[in-house]
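Understanding the architecture of this molecule
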Amino acid sequence: MHILPAIFAITCYLIATALQWQVVRGRSINSTIVRVIGLLAVISHGFSAYLDLHRPTGIHLEFFSAGSLIGWLVAALVLLSSLRQKIDNLYIGTFPLAAFALFFTLFGLDSPEGKHYDTGLVIHILISILAYSIFTLAAFQAVLLAKQEYQLKHHITKGLLRSLPPLQTMEALLFEMIWTGLILLTLSLISGAIVFDDLFAQHLVHKTILSILAWLLYATLLIGRHLLGWRSHRAIRWTVGGFIVLMLSFFGSKFVVELLL
């Protein structure tokens, strides 16, 4: 049932990405058109994800389904944020990511069976997925910021740079995302401690340790920003490093447990 809306969403994501890439290259394309196509993609993706997640036997939240859900959240957050900030160029990274994640749900690679989850566990999972989505968005923002800094240092005034907000605005937006993500990650760790009897049990230990390490990296970055004025390349490196650790904690654990074992 989720295949047709998934194919439509993937098509719309790719069209919106191609149009936004033309904007970066200096073509005059109405941003409203790109947003409408992106909105159609997000709505179709959301409908497809809903059908994929809800099975007769319970909630289907395995490796590829979880990836699709995170991709959908990231795309939706970028689309909403672009109404407030000029970050339309994040479409170029996030829309293909969402399309790629959704694409793999079409092949039935996950187990077809759903599971019944307690309410507390569902809340923990949703907070965790939202935190990962925010940090994914922050990682894309960091890459875009690195590209912007490179162009400024090399006096490149065309292409990507022309369509971005000032460097200070981009940096402030990055740290807003990190603050939001860290709060959600903190809530995820707290809810996990409440839901699970032992966060360091064998099937959870790798995820727990990596999540705590990611929390420490992001917290250190924010402390360094506040006390030492960290910015620029240091902020970018810590953001991307924390994102890699966090993704290993979530997708690495799910990949090993659900696909290898």
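This section reports on the structure supplied with the text.

Rules and cut-offs
- Residues numbered from 1 in each chain as written.
- Predicted model: local features only at pLDDT ≥ 70, side-chain atom pairs only at ≥ 80, totals over all residues.
- Heavy atoms only, no water.
- Helix = DSSP H or I, 4+ residues; strand = E, 2+ residues; numbered from the N terminus.
- Buried < 20%, exposed > 50% of the residue type's maximum accessible area, 1.4 Å probe, protein only.
- Contact = heavy atoms within 4.5 Å.
- Areas by Shrake-Rupley, 256 points an atom, 1.4 Å probe, with all protein chains shown as cover.
- Core = buried A, V, L, I, M, F, W, Y, C linked by side-chain atoms within 4.5 Å.
- Expected span 1.5 Å × (residues − 1).
- Polar contact = N/O pair within 3.5 Å; in protein donor to acceptor, adjacent residues only side chain to side chain.
- Salt bridge = Lys/Arg side-chain N within 4 Å of Asp/Glu carboxyl O.
- Phe/Tyr/Trp six-rings, centres within 6.5 Å; stacked < 30°, edge-to-face > 60°.
- Axes fitted to C-alpha atoms, helices over the stretch in contact; angles between N-to-C directions.
- Parallel < 35°, antiparallel > 145°, perpendicular 65-115°, else oblique.
- Left-handed = near helix turned anticlockwise from the far one by under 90°.
- Nonpolar A, V, L, I, M, F, W, Y, C, P; charged D, E, K, R; others polar.
- Patch = residues over 30% accessible without salt bridge, like charges linked within 9 Å, V, L, I, M, F, W, Y side chains within 5 Å.

**Remarks on the overall build of the protein chain**
- Across its full length, the protein chain holds 8 helices and 2 strands.
- When its helices and strands are written in sequence order, the protein chain yields α-α-β-β-α-α-α-α-α-α.
- Residues counted as buried form 48% of the 261 residues belonging to the protein chain.
- In the protein chain, once contacts between residues fewer than 6 apart in sequence are set aside, the share between residues at least 24 apart is 78%.
- Carbon and sulfur atoms provide 70% of the accessible area of the protein chain, an area that totals close to 13,300 Å².

**Things to note about the nonpolar core**
- Ranked by size, the top nonpolar core spans 66 residues in total, and within it Tyr13, Leu61, Phe95, Ile129, Phe135 and Ile178 carry the most contacts.
- Mapped onto this core, the elements with two or more residues apiece are helix H1 (3–24), helix H2 (31–53), helix H3 (63–81), helix H4 (91–103), helix H5 (119–153), helix H6 (167–195), helix H7 (205–228) and helix H8 (232–260).
- In terms of residue count, the dominant contributor to this core is H5 (14 residues).
- Other than its neighbours up to four places away in sequence, Ile129 contacts Leu61, Leu69, Ile70, Leu73 and Phe250.

**Some words on H2**
- For H2, which comprises 23 residues, the first-to-last C-alpha distance of 32 Å matches the rise-based estimate of 33 Å (1.5 Å per residue) to within 8%.
- On its buried face, H2 sits against H1, strand S1 (54–55), strand S2 (58–59), H3 and H4.
- The distance from a side-chain oxygen at the start of H2 to the backbone nitrogen of Thr32 is 2.8 Å, and the residue carrying that oxygen is Asn30.

**Focus on the pattern of salt bridges**
- Overall, the coordinates contain 3 salt bridges when judged by the stated rule.
- Residue Asp88 pairs with Arg35 through a salt bridge whose shortest N-O separation is 3.2 Å. Of the two residues, Asp88 is situated in the loop between H3 and H4 and Arg35 in helix H2; the sequence distance between them amounts to 53 residues.
- The exposure class assigned to Asp88 is buried, which follows from its relative accessible area of 9%.
- According to the relative accessible area criterion, Arg35 is partly exposed, its value standing at 22%.

**Focus: the packing of aromatic side chains**
- All told, the structure shown has 7 aromatic pairs when counted by the stated rule.
- With a centroid separation of 4.7 Å and an interplanar angle of 5°, the aromatic rings of Tyr91 and Phe95 are classed as stacked. Residue Tyr91 and its partner Phe95 are both found in helix H4; the two are separated by 4 residues, about one turn of the helix.
- For Tyr91, a relative accessible area of 0% gives the class buried.
- Considering the side-chain rings of Phe103 and Phe107, the 4.9 Å spacing of their centres and the 75° angle between planes classify their relative orientation as edge-to-face.
- For Phe107, a relative accessible area of 48% gives the class partly exposed.
- Cluster of aromatic residues (ring-pair linked, three or more members): Phe64, Phe100, Phe103, Phe104 and Phe107.

**Quick word on the packing of H3 against H5**
- Interhelical geometry of H3 versus H5 gives an angle of 55° and a closest axis separation of 9 Å. Overall, the two elements H3 and H5 adopt an arrangement that is oblique. For the crossing formed where H3 meets H5, the hand is right-handed. Facing H3, whose interface residues are Leu69, Ile70, Leu73, Val74, Leu77 and Val78, H5 presents Ile129, Leu130, Tyr132, Ser133, Ile134, Thr136 and Leu137.
- Considering only residue class, the contact of H3 with H5 consists of 11 nonpolar, 2 polar and no charged.

**Re a nonpolar patch on the surface**
- Together, Trp179, Ile183, Leu187, Ile190 and Ile194 line one region of the surface with nonpolar side chains, adding up to about 540 Å² of accessible area.
- Within the element layout of this structure, Trp179 appears in helix H6.

**Focus: the packing of H1 against H4**
- Where H1 meets H4, the closest approach of the two axes is 9 Å, and the angle between their N-to-C directions is 160°. Taken together, the axis directions place H1 and H4 in an arrangement best described as roughly antiparallel. Crossing geometry of H1 relative to H4 is assigned as left-handed. Contacts between H1 and H4 involve Ala6, Ala9, Ile10, Tyr13, Leu14, Ala16, Thr17, Gln20, Trp21 and Val24 on the former and, on the latter, Tyr91, Ile92, Phe95, Pro96, Ala98, Ala99, Leu102 and Phe103.
- Split into classes, the residues belonging to the contact of H1 with H4 amount to 16 nonpolar, 2 polar and no charged.

**Some thoughts on the side chain of Ser211**
- Tracing the chain through its elements places Ser211 in helix H7.
- For Ser211, a relative accessible area of 4% corresponds to the buried category.
- Polar side-chain contacts of Ser211 include one of 3.4 Å to the side chain of Ser249.
- Setting aside anything within four residues of it in sequence, one finds Ser211 in contact with Tyr132, Leu185, Leu189, Leu246 and Ser249.

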